[in-house]
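# Summary of structural features
Listed below are the residues making up each chain.
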Amino acid sequence: MKLLFISLGCDKNLVDSEYMIGMLTKHGMELTDDETEADIIIINSCCFIGDAKEESINTILEMAEQKKTGCCKALIVTGCLAQRYREEIKAEIPEVDAILGTNSYDKIWEAVEETKEKHFYENVSSLSGLPHVDTARTVTTGGHYAYLKIAEGCNKNCTYCVIPSVRGRYRSVPMEELVESAKQLVAGGVRELILVAQETTLYGTDLYGRKCLHELLDKLNEIPGLFWIRIMYCYPEEIYDELIEAMIRNKKVCHYLDMPIQHCNDDILKRMGRRTTKEELIARINMLRERIPDITLRTTLICGFPGETEEMHEELMRFVNEMEFDRLGAFAYSPEEGTPAAEMPNQIPEEQKKDWQDEVMELQEEVIFDKNETMKDRILYAFIEGQVADEANTYVGRTYRDAPNVDGYIFVNTDEELLTGDIVKVKVTGAYEYDLIGEMIK
C-alpha cells in the first residue's frame, strides 16, 4: 500500500510524524509524494494560530477530494487540530476515516488497520504520560540534521496560547531514552541535533526535580560523530547558570539560543502571562552576550496584542533597534478561541497588526544587515545544504548562527565539488540582508 504523509506545523510535530512514518514503513507501507496514487493519506495537523489552522483545514479538504477522484481508501487526521476540533472534523468532513490526538500517534498502525476494515477509528488519549514507540524514526530532514524532542506540553499558560490545551502539561522524555535516540540518529548519519520542546529550559523538572538540560548537553557532547548541538525555545526567565556553563564547556554545543520574548512593554507582558519584565529581558540579553561573546540570539515577537497602543509599538521598535537581535521573527497576534486573550477588550484591527508586523521586520532587516557586515573576514564552519541552481561553483550552507528553515544561509563559493551534509570551513567575504557570502578554505 502506498502512503502520502503530510506534516504541518512546527518541528516538534515533525518528530511525531517521523515516528509515525517509521512505524508505517516497518509494516511494509511505501511512501509516495503523489496524492493521486496514495492508498492512505495521513495529515499531521496544526492549529497554533489562525493561519496554521486554515492551512490544516484546507489541506484536509483538498485531500478529501482524493477519496472521490483518486486511489485513496482512507484519510487519517492526527495532531493538534485533530485533538482540538475532533467533533467538528467528524461532523463537517465525513471523508475523514480516523482521528488521532497529539498523545496517540503511537496508535497510527492500529488506525490504518481499522480503516482498511472500513471502520471509523478515533483515539484521543489523555494528555498525560508519553506515547510508547519502539520503532526507529524515519528522518525526513535530509539525513545530516535531525530534531530531538526532549519534552512534550507546557505549564506556562500564556494567555494567547492553546498549547497546554492540545499538548498537555510539561512532560520530559527520560534522559537515557534521549541519549539512546541521539546515538541511533548519529549512527544513521545525523551530524547536527536540534533540541526542541515547547520549552527546553525546563527539561527534567518533572522527572528529576531539577533543571537538567545542562546534564543532557554533557551526555550528548560525548557522542562520537556528532558535530553540532543546537538549543531552541529557551524561555528567558528559565535560563540558568549551569546551562550557560554547559554551553561554554561543551564544544559541540552551538553558541546559539532561541529565546522567545513576545514583547518588551511591561503591561503587555503581564497581560500575556509572561514571566519577565523589560528590565529583566535587557539584563538577561546583556548577561548572555557578556558570558558568551559570540552567541547568536534569536527571538520572536507578537504584534498587535489586545490593548497595544502606538506608543507601545514604538517602544518595541526602539527595543528591537537597541537590542540588535541576530535573528528575529515577528507575527501578527492571532486570537484563538478559548484563550483569555481572545476575550480581552481593545482587540487590534487586522490591518493595524499587519502594519506593525511589517514595520518590525523592516527594522530588523536593517539590524541584521549591519550585523552581517561585521562578520566579514570571520572564519566559520558551514553545513552544506545543496547547490545553487545554475551556478556550478556556489553552494548553500548554514553556520552555527543558522537554524534550518527559520534563519539565513551562507552562500559558499568553491571550485571543489561538495555534497549535502558536508562540513567545510568558510571565510566570510560579504553580506546580503539576511545571508552571508563566503569562500571555502581548502
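Scope of this entry: the structure provided in the associated data block. (Residues numbered from 1 in each chain as written. Predicted model: local features only at pLDDT ≥ 70, side-chain atom pairs only at ≥ 80, totals over all residues. Heavy atoms only, no water.)

The next thing to look at is the pattern of salt bridges. Applying the stated criterion to the full structure yields 40 salt bridges. Close ionic contact of glutamate 373 with lysine 376 constitutes a salt bridge, the shortest N to O distance being 3.3 Å. (Salt bridge = Lys/Arg side-chain N within 4 Å of Asp/Glu carboxyl O.)

Further remarks concern the sheet that holds strand 3 (residues 40–45). Read from one edge to the other, the open sheet built from 6 strands follows the order 2-1-3-4-5-6, with strand pairing classed as parallel. Lying at the two open borders of the sheet, with one neighbouring strand each, are strand 2 (30–31) and strand 6 (121–123). Pairing analysis gives 5 bridges linking strand 1 (residues 2–7) to strand 3, with the strands arranged parallel. Looking at strand 3, one finds that serine 7 is bridged to asparagine 44. Sitting on the sheet, helix 1 (residues 11–26) touches strand 1, strand 2, strand 3 and strand 4 (74–79), and the angle it makes with strand 1 is about 170°. Docked against the sheet, helix 6 (residues 108–116) engages strand 3, strand 4, strand 5 (98–100) and strand 6, running at close to 155° with respect to strand 4. (Pairing = 2+ DSSP bridges. Helix = DSSP H or I, 4+ residues; strand = E, 2+ residues; numbered from the N terminus. Contact = heavy atoms within 4.5 Å. Axes fitted to C-alpha atoms, helices over the stretch in contact; angles between N-to-C directions.)

Our next topic: the pairing of strand 10 (residues 192–196). For strand 10, the tally of buried residues reaches 5 of 5 residues, placing the bulk of the element in the interior. Burial along strand 10 is two-sided: Glu192, Ile194 and Val196 facing one way and Leu193 and Leu195 facing the other are all buried. Across 5 bridges, the pairing between strand 7 (residues 145–149) and strand 10 is parallel. What sits directly across from leucine 148, in strand 10, is leucine 195. (Buried < 20%, exposed > 50% of the residue type's maximum accessible area, 1.4 Å probe, protein only.)

Secondary-structure assignment places threonine 339 in the loop between strand 14 (327–332) and helix 15 (350–373). Judged by relative accessible area, which is 5%, threonine 339 ranks as buried. Sequence-wise, threonine 339 and threonine 159 are 180 residues apart; in three dimensions their C-alpha atoms are separated by 5.9 Å. Apart from the residues lying within four places of it in its own chain, the contact partners of threonine 339 are Thr159, Tyr160, Cys161 and Val162.

Between helix 13 (residues 278–291) and helix 14 (residues 310–323), the least distance of the axes is 12 Å, while the angle of their chain directions is 10°. The orientation of helix 13 relative to helix 14 falls into the category roughly parallel. Of the two possible hands of crossing, helix 13 and helix 14 adopt the one that is right-handed. Taking contact as the criterion, the partners of Lys278, Leu281, Ile282, Ile285 and Arg289 in helix 13 are, on helix 14, Glu315, Phe319 and Met323. The residue inventory of the contact of helix 13 with helix 14, partitioned by class, reads 5 nonpolar, no polar and 3 charged. (Parallel < 35°, antiparallel > 145°, perpendicular 65-115°, else oblique. Left-handed = near helix turned anticlockwise from the far one by under 90°. Nonpolar A, V, L, I, M, F, W, Y, C, P; charged D, E, K, R; others polar.)

Taking burial as the measure, the 5 residues of strand 7 include 5 buried ones, the bulk of the element. The alternating pattern of strand 7 places Tyr145, Tyr147 and Lys149 and Ala146 and Leu148 on opposite faces, both of which are buried.

Pairing between the strands of a sheet comes from backbone hydrogen bonds, and it takes one of two forms, parallel or antiparallel. Strand order in this open sheet of 6 strands is 7-10-11-12-13-14, and the pairing throughout is parallel. A strand with exactly one partner marks an edge of an open sheet, and here the two such strands are strand 7 and strand 14. Here the strands of the sheet are splayed against their neighbours by 20° on average, with no regard to which way each runs. Pairing analysis gives 4 bridges linking strand 10 to strand 11 (residues 228–231), with the strands arranged parallel. Paired with leucine 195 across the bridge in strand 11 is isoleucine 231. Relative to strand 7, helix 8 (residues 175–187) is tilted by about 170°, and along the sheet it contacts strand 7 and strand 10.

It is worth spelling out helix 8 at this point. Here helix 8 spans 18 Å end to end across 13 residues, near enough to the 18 Å set by a 1.5 Å rise per residue. Every buried residue belonging to helix 8 is among Met175, Leu178, Val179, Ser181, Ala182, Leu185 and Val186, and all of these are buried. The arc that holds the buried residues of helix 8, viewed along the axis, is 165°, so those residues lie on one side. For helix 8, exposure combined with an orientation more than 90 degrees from the buried face picks out Glu176 and Ala187. On its buried face, helix 8 is in contact with helix 1, strand 7, strand 10, helix 9 (205–208) and helix 10 (213–221). Backbone geometry just after helix 8 places glycine 189 at a positive phi near 115°. (Expected span 1.5 Å × (residues − 1). Arc of directions from axis to C-beta.)

A word on the side chain of arginine 230. Looking at where arginine 230 falls in the secondary structure, it is placed in strand 11. Within the structure, the side chain of arginine 230 is placed 3.2 Å from the backbone oxygen of aspartate 402, a separation counted as a polar contact. Beyond its immediate chain neighbours, meaning those up to four positions away, arginine 230 contacts Glu192, Leu193, Ile194, Leu195, Cys254, Tyr256, Arg398, Thr399, Tyr400, Arg401, Asp402 and Ala403. (Polar contact = N/O pair within 3.5 Å; in protein donor to acceptor, adjacent residues only side chain to side chain.)

Below, the discussion takes up the environment of cysteine 303. Mapped onto the elements of the fold, cysteine 303 is located in strand 13 (residues 296–303). With relative accessibility at 1%, the residue cysteine 303 sits in the buried group. The spacing of cysteine 303 and glycine 386 is 83 residues in sequence and 34 Å in space, taken between C-alpha atoms. Excluding residues that lie within four positions of it along the chain, cysteine 303 makes contacts with Glu308, Ala330, Phe331, Ala332, Tyr333, Lys353, Trp356, Gln357 and Val360.

Right, let's get into the nonpolar core. Counting 61 residues, the largest nonpolar core has Ile150 and Leu216 as the members making the most contacts within it. Here this core takes 6 residues from helix 8, the largest share from any one element. Leave out the neighbours within four places in its chain, and leucine 216 touches Ile150, Met175, Leu178, Val179, Leu195 and Tyr203. Counting residues in hydrophobic clusters, the runner-up holds 49 residues, among them Val196, Cys254, Tyr395 and Val428. (Core = buried A, V, L, I, M, F, W, Y, C linked by side-chain atoms within 4.5 Å.)

Moving on: the environment of arginine 169. Positionally, arginine 169 belongs in the loop between helix 7 (163–167) and strand 9 (171–172). Judged by its relative accessible area of 53%, arginine 169 falls in the exposed class. Sequence-wise, arginine 169 and isoleucine 268 are 99 residues apart; in three dimensions their C-alpha atoms are separated by 24 Å. With residues up to four places along the chain from it excluded, the contact list for arginine 169 reads Leu127, Glu152, Gly153, Cys154 and Asn155.

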